Amino acid sequence: LELGGKSANIVFPDADLAKAAETAASVIFSAGQACTLPTRILVHESIYDEFTAMVAGALGQIPLGDPLDPATMMGPVISEAAVERILRTVDEATRDNGAELLTGGSRAGGELASGYYIEPTLLGNVSPTSEVAQNEVFGPVTAAIRFSDEEEAVAIANGTPYGLAGYVHTRDVSRVLRLAS
């Protein structure tokens, strides 16, 4: 059985940041309802502000709507119960756990307000041990976590019971091989 994921997306300062931001924004695939999505962005502290601004900008431009419309990049989540659970998770992360809402975090408005649409959401300054960093949200929500060195990044990446997928953004092949092992 495949029972969930909380995939780490590790971004180092030497990475192609535009490509890494594109990967981070892929959390909108299937409205975040896929277990291999990069739902934890581990960002080196030296590029954290720049990189999270890039991801927030990308997520803020995602067209929501009818999945059958070719202009749509993200459709709805599965049910009203899912909407409520996802928004409650975001609220608890910001209200109780010190996360910063960088973009999204609400039900979509306008003509989508009566559907199960949630704005693509990026939470910043997330603690690696918080609920939103430890448990699958199964919605269009990603959590940005700072790290200072490889050892800390690996510890955070391995700090959940999930091990389904992982992403590493760097131009250093030897680093990729070290982290993969």
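Placed above this text is the structure.
Before going into details, it helps to say that this report is about the structure given with it. (Residues numbered from 1 in each chain as written. Predicted model: local features only at pLDDT ≥ 70, side-chain atom pairs only at ≥ 80, totals over all residues. Heavy atoms only, no water.)

Nonpolar side chains in soluble globular proteins tend to be buried together. Judged by nonpolar contacts, the single largest core of 47 residues is most densely connected at I10 and F51. Discounting residues that sit within four places of it in the chain, I10 has contacts with L42, F147, A153, A157, Y167, V168, H169 and L179. (Core = buried A, V, L, I, M, F, W, Y, C linked by side-chain atoms within 4.5 Å. Buried < 20%, exposed > 50% of the residue type's maximum accessible area, 1.4 Å probe, protein only. Contact = heavy atoms within 4.5 Å.)

For the rest of this paragraph, the subject is the packing of helix α1 (residues 17–25) against helix α2 (residues 48–60). Relative orientation of the contacting elements α1 and α2 amounts to 50°, with a least axis distance of 9 Å. Between α1 and α2, the crossing angle belongs to the class labelled oblique. Handedness of the α1/α2 crossing: right-handed. Along the contact surface, α1 presents L17, A18, A20, A21, A24 and A25, while α2 presents E50, F51, M54, V55, A58 and L59. Here the contact of α1 with α2 is composed, by residue class, of 11 nonpolar, no polar and one charged. (Axes fitted to C-alpha atoms, helices over the stretch in contact; angles between N-to-C directions. Helix = DSSP H or I, 4+ residues; strand = E, 2+ residues; numbered from the N terminus. Parallel < 35°, antiparallel > 145°, perpendicular 65-115°, else oblique. Left-handed = near helix turned anticlockwise from the far one by under 90°. Nonpolar A, V, L, I, M, F, W, Y, C, P; charged D, E, K, R; others polar.)

Attention shifts here to the side chain of T142. As for its placement among the helices and strands, T142 is situated in strand β5 (residues 141–147). Given a relative accessible area of 0%, T142 falls into the buried group. Setting aside residues no more than four positions away along its own chain, T142 makes contact with V27, P38, T39, R40, I41, L59, T121, L122 and L123.

Next up on the list: the packing of aromatic side chains. By the definition in use, this model includes one aromatic pair. On the basis of an interplanar angle of 75° and a centroid distance of 5.2 Å, the ring pair of F12 and F147 is categorised as edge-to-face. Of this pair, F12 sits in the loop between β1 (8–11) and α1 while F147 sits in strand β5, and the two are 135 residues apart along the sequence. The ring centre of Y48 lies 3.8 Å from the NZ or CZ of R146, which sits over that ring. Over the aromatic face of F12 sits the side chain of R175, whose NZ or CZ is 4.0 Å from the ring centroid. (Phe/Tyr/Trp six-rings, centres within 6.5 Å; stacked < 30°, edge-to-face > 60°. Lys NZ or Arg CZ within 6 Å of the ring centre and 35° of its normal.)

As a further point, take the pattern of salt bridges. Scanning the entire structure with this criterion turns up seven salt bridges. Between D49 and R146 there is a salt bridge; the shortest N-O distance is 3.8 Å. Placement of D49 in helix α2 and of R146 in strand β5 is noted, with a sequence separation of 97 residues between them. A residue is classified by how much of its surface remains accessible, and D49, at 55% relative accessible area, is exposed. A salt bridge links E150 to R178; its shortest N-O distance comes to 2.5 Å. With E150 in helix α5 (residues 150–157) and R178 in helix α6 (residues 173–180), this pair connects stretches of sequence that are 28 residues apart. (Salt bridge = Lys/Arg side-chain N within 4 Å of Asp/Glu carboxyl O.)

This part is about α5. Three or more residues of α5 are buried, namely A153, I156 and A157. The buried side chains of α5 occupy one side of the element, clustering within an arc of 100° when seen end-on. What points out from α5, more than 90 degrees from its buried face, is the exposed set E151 and A155. On its buried side, α5 packs onto β1, β2 (40–44) and β5. (Arc of directions from axis to C-beta.)

Moving on: the pairing of strand β4 (residues 121–124). Residues T121 and L123 line one face of β4 and the alternating positions L122 and G124 line the opposite face, and both faces are buried. Pairing analysis gives three bridges linking strand β3 (residues 100–103) to β4, with the strands arranged antiparallel. By the bridge assignment for β4, L101 is matched with L123. Bridge count for β4 against β5 is three bridges, and the pairing is parallel. Each residue of the ladder has a partner; that of L123, found in β5, is A143. (Pairing = 2+ DSSP bridges.)

The mixed open sheet is built from six strands, whose spatial order is β3-β4-β5-β2-β1-β6. The open sheet has two free edges, formed respectively by β3 and β6 (166–169), since each of these has just one partner strand. The average angle at which neighbouring strand axes cross in this sheet is 25°, direction not considered. Packed onto the sheet, α1 meets β1, β2 and β6 and runs at close to 165° relative to β1.

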